[in-house]
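Understanding the architecture of this molecule
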Amino acid sequence: VLFRSKDNDKPAKDAAPITAATDGTVMGSVKIKGDVPEKKKEERIGTHADKDKCLKGPEKDTLEQTWLVNKNGFVENVVVWLEPSEGKKYQIDGKLKDSFKAKKAYHKQPYCAYEPHILAVYADVQPIEVVNNAKFAHNTKITGGVKNGDKNKSLGPKETWDLETVKKDTNPIPVECSMHTWMNAKIL
């Protein structure tokens, strides 16, 4: 799920650095207003040659990934980020960047769903690795558009794919498995 107020992809070259302290913690939950959408089984799994392998995963991996909402209305797979106000830019400490360079983000395929469904990374800094930790083959197709380009790779059981990093984009980057067409995810 992606909510944003404006497309503020790049601060202007003459943006003023924010000099006030920027350390802090943002905590919260996203709750749906109104009726909780019904959980729906992903029907395409039941007709696929790998159905027995796919259905061995947790129930969550066999559901349509469009809306995952618990019984209390709390929504999963939400990313919230803070943008500097217009005409301003963050000053990012080199130590912070280095800590993210050393902290690889993993997009796993243990059965027939991507985990996590939404992978949030530090663009241009944090390396990404796709991991097929299933006992059968998967494919990862990334449609990154103009900024990130398209990538496509088949992964045998227990194989990995080092994607390096992605460029900053306020649009989510779609991820799919061409072998199991219901499998989808996003990278932000």
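Let me sum up the structure you'll find in this document. The structure displayed is predicted, hence computed values, not measured ones.

1. Description of the environment of His117
Within the secondary structure layout, His117 lies in the loop between β3 (105-108) and β4 (118-119). Residue classification places His117 among the buried residues on the basis of a relative accessible area of 10%. Taking the C-alpha atoms as reference, His117 lies 9.1 Å from Glu76; in sequence the two are 41 residues apart. With residues near it in sequence (within four places) discarded, His117 still touches Gln65, Asn77, His107, Asn184, Ala185 and Lys186.

2. Here we look at the side chain of Glu129
When you line up the elements, Glu129 lands in strand β5 (residues 128-131). When its relative accessible area of 14% is taken as the criterion, Glu129 is described as buried. At a separation of 2.9 Å, a polar atom in the side chain of Glu129 contacts the side chain of Lys104. Ignoring anything within four residues of it in the chain, the contact list for Glu129 reads Lys104, Ala105, Tyr106, His107, Thr160 and Trp161.

3. Some remarks on the sheet that holds strand β8 (residues 160-164)
In spatial order, the strands read β3-β5-β8; together these 3 strands make up an open sheet with mixed pairing. Each end of this open sheet is capped by a strand with a single partner; those strands are β3 and β8. Adjacent strand axes in the sheet meet at a mean angle of 20°, parallel and antiparallel pairs treated alike. Relative to β8, β5 runs antiparallel, the two being bridged by 4 bridges. Counted as the bridge partner of Val130 is Trp161 from β8.

4. A short note on the state of the cysteines
Chemically, a disulfide is nothing more than a covalent bond linking the sulfur atoms of two cysteines. A full pass over the atoms with the stated rule returns 1 disulfide. With no disulfide of its own, Cys177 lies 7.4 Å from the sulfur of Cys112, the closest cysteine sulfur.

5. So, a nonpolar patch on the surface
Taken together, the side chains of Val26, Leu82, Tyr90, Ile92 and Leu96 present a nonpolar region at the surface, about 470 Å² in accessible area. Take Leu82: it is sitting in the loop between α1 (51-54) and β2 (88-89). Classification of Leu82 by relative accessible area gives exposed; the value is 58%.

6. As for the pattern of salt bridges
Evaluated as defined, the whole model comprises 5 salt bridges. Note that Lys53 is salt-bridged to Asp50, the shortest N-O span being 3.8 Å. Judged by relative accessible area, Asp50 falls into the buried class, the value being 17%. Taking the shortest distance from any N to any O, the salt bridge between Glu76 and Lys60 comes out at 2.8 Å. With a gap of 16 residues between them, Glu76 in the loop between α1 and β2 and Lys60 in the loop between α1 and β2 connect regions that are remote in the sequence. Residue Lys60 is classed as partly exposed on the basis of its relative accessible area of 42%.

What counts, and where the lines are drawn
- Residue numbers here run from 1 along each chain, matching the order of that chain's written sequence.
- Since the coordinates come from a predicted model, pLDDT governs what is reported: local features require at least 70, and pairs of side-chain atoms require 80 or more to be given and counted, while whole-chain, interface and lining totals use all residues.
- Processing note: side-chain calculations cover all non-hydrogen atoms of the structure and skip hydrogens and water entirely.
- In this description a helix means any DSSP run of H or I spanning at least four residues, a strand means any run of E spanning at least two, and both kinds are numbered starting from the N terminus.
- For every residue, the accessible area (1.4 Å probe, protein chains only) is compared with the maximum for its type, and the residue is labelled buried under 20%, exposed over 50%, or partly exposed between those bounds.
- By the convention used here, residues are in contact when the closest approach between their heavy atoms is within 4.5 Å.
- Polar contact criterion, stated in full: a pair of N or O atoms within 3.5 Å, where within protein one must be able to donate a hydrogen and the other to accept it, and residues adjacent in sequence count only if both atoms are side-chain atoms.
- In short, DSSP must find at least two bridges between two strands for them to pair.
- To obtain each axis, a line is fitted to C-alpha atoms, and for helices this fit is confined to the stretch in contact; angles are then taken between N-to-C directions over 0 to 180 degrees.
- Any two cysteine sulfur atoms lying within 2.5 Å of each other are counted as a disulfide.
- Residues enter patches when they are more than 30% accessible in relative terms and free of salt bridges; like-charged ones are connected within 9 Å and nonpolar ones (Val, Leu, Ile, Met, Phe, Trp, Tyr) within 5 Å.
- Surface accessibility follows the Shrake-Rupley procedure with a 1.4 Å probe radius. Residue values consider only the protein chains on display as shielding.
- Salt bridges are defined by distance alone: a side-chain nitrogen of Lys or Arg within 4 Å of a carboxyl oxygen of Asp or Glu.

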